[in-house]
Amino acid sequence: VRLPTQRMARSSFVRYGIKESALAPVVIVLAAGHGRRFARSGGIGSKLDAVLHGRTVLAHVLDAVQASGLHHHVVNAQQGGPGMADSIAAGVQAVPNASAWLVLPADLPLLQAKTIQQVAQALLDGAPFGIKAVVPRHGGQRGHPVAFDASCYALLSQLSGEQGAASVIHHL
């Protein structure tokens, strides 16, 4: 589905066309992983602490999120559970009044603020057409962040396990 596009002013992200009592969209940064694959591949320590161009992987991701102008919440190991879905649920539960959530794994240091903004904009543009979630694609592959509108709260907040939010996408 090709959606109409329009530029969204930076200040529009804060209001996102919603009533004052609700929050703007929130980027849920998933930083609770144990990094088992990283360790098995020979990495030492947390992959989020790995240095890339003089800064940690997590610092690169947080820079992009902050530059996007959106609110964010970082789910760390103390908040998240054993799987990615548990961390998504913890993040959504931490900011239940958000108008939308953009789920972003913290191990994507090359992600750009523009991408985050475009996904948020696509969700906003799709709302009049009944679009409840946006899964970006690049080169035929699904990407991140994945955006969900507020109507997905019940499904997202009850997630558990390793599969992330795939079940929510399939339900919609």
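What counts and how
- Residues numbered from 1 in each chain as written.
- Predicted model: local features only at pLDDT ≥ 70, side-chain atom pairs only at ≥ 80, totals over all residues.
- Heavy atoms only, no water.
- Helix = DSSP H or I, 4+ residues; strand = E, 2+ residues; numbered from the N terminus.
- Buried < 20%, exposed > 50% of the residue type's maximum accessible area, 1.4 Å probe, protein only.
- Contact = heavy atoms within 4.5 Å.
- Areas by Shrake-Rupley, 256 points an atom, 1.4 Å probe, with all protein chains shown as cover.
- Axes fitted to C-alpha atoms, helices over the stretch in contact; angles between N-to-C directions.
- Parallel < 35°, antiparallel > 145°, perpendicular 65-115°, else oblique.
- Left-handed = near helix turned anticlockwise from the far one by under 90°.
- Pairing = 2+ DSSP bridges.

Student: Would you mind going over the overall build of the protein with me for this structure?
Tutor: Broken down by element type, the protein carries 7 helices and 9 strands. For the protein, buried positions account for 41% of its 172 residues. For the protein, the proportion of contacts with a sequence separation of at least 24, taken over those separated by at least 6, is 70%. Accessible surface computed for the protein: about 9,700 Å², of which carbon and sulfur atoms make up 53%.

Student: So what exactly am I meant to see when it comes to the packing of helix 3 (residues 57-68) against helix 5 (residues 113-126) here?
Tutor: Between two packed helices, the angle of one axis relative to the other and the distance separating the axes together describe the packing. In the contact formed by helix 3 and helix 5, the axes pass within 7 Å of each other and the chain directions differ by 50 degrees. In terms of orientation, helix 3 and helix 5 fall into the oblique class. Two packed elements cross with a definite hand, and for helix 3 against helix 5 that hand is right-handed. Two secondary-structure elements touch here, helix 3 through Ala-64, Val-65, Ala-67 and Ser-68 and helix 5 through Ala-113, Ile-116 and Gln-117.

Student: What should I look at first to understand the sheet that holds strand 4 (residues 71-76) in this one?
Tutor: Strand pairing in a sheet takes place through backbone hydrogen bonds and is either antiparallel or parallel in direction. Strand order in the open sheet formed by 5 strands is 4-1-5-9-6, with mixed pairing between adjacent strands. One side of each edge strand has no neighbouring strand; the edge strands of this open sheet are strand 4 and strand 6 (133-134). Where helix 3 meets the sheet, its contacts fall on strand 1 (26-31), strand 4 and strand 5 (100-105), and the angle it forms with strand 1 comes to roughly 175 degrees.

Student: Can you walk me through the side chain of Asp-86 in this structure?
Tutor: Along the chain, Asp-86 falls in helix 4 (residues 84-94). Residues within four places of Asp-86 in sequence aside, it is in contact with Gly-81, Leu-159, Ser-160 and Gly-161.

Student: Help me out: how do you make sense of the pairing of strand 5 in this one?
Tutor: The side chains of a regular strand alternate between both faces of the sheet. Counting buried positions along strand 5 yields 6 of 6 residues, so the element is predominantly enclosed. The pairing of strand 1 with strand 5 spans 5 bridges and is parallel. Of the residues in strand 5, the one forming a bridge with Val-26 is Trp-101. With 4 bridges connecting them, strand 5 and strand 9 (residues 146-149) associate as antiparallel partners. By the bridge assignment, Val-103 is partnered in strand 9 with Val-146.

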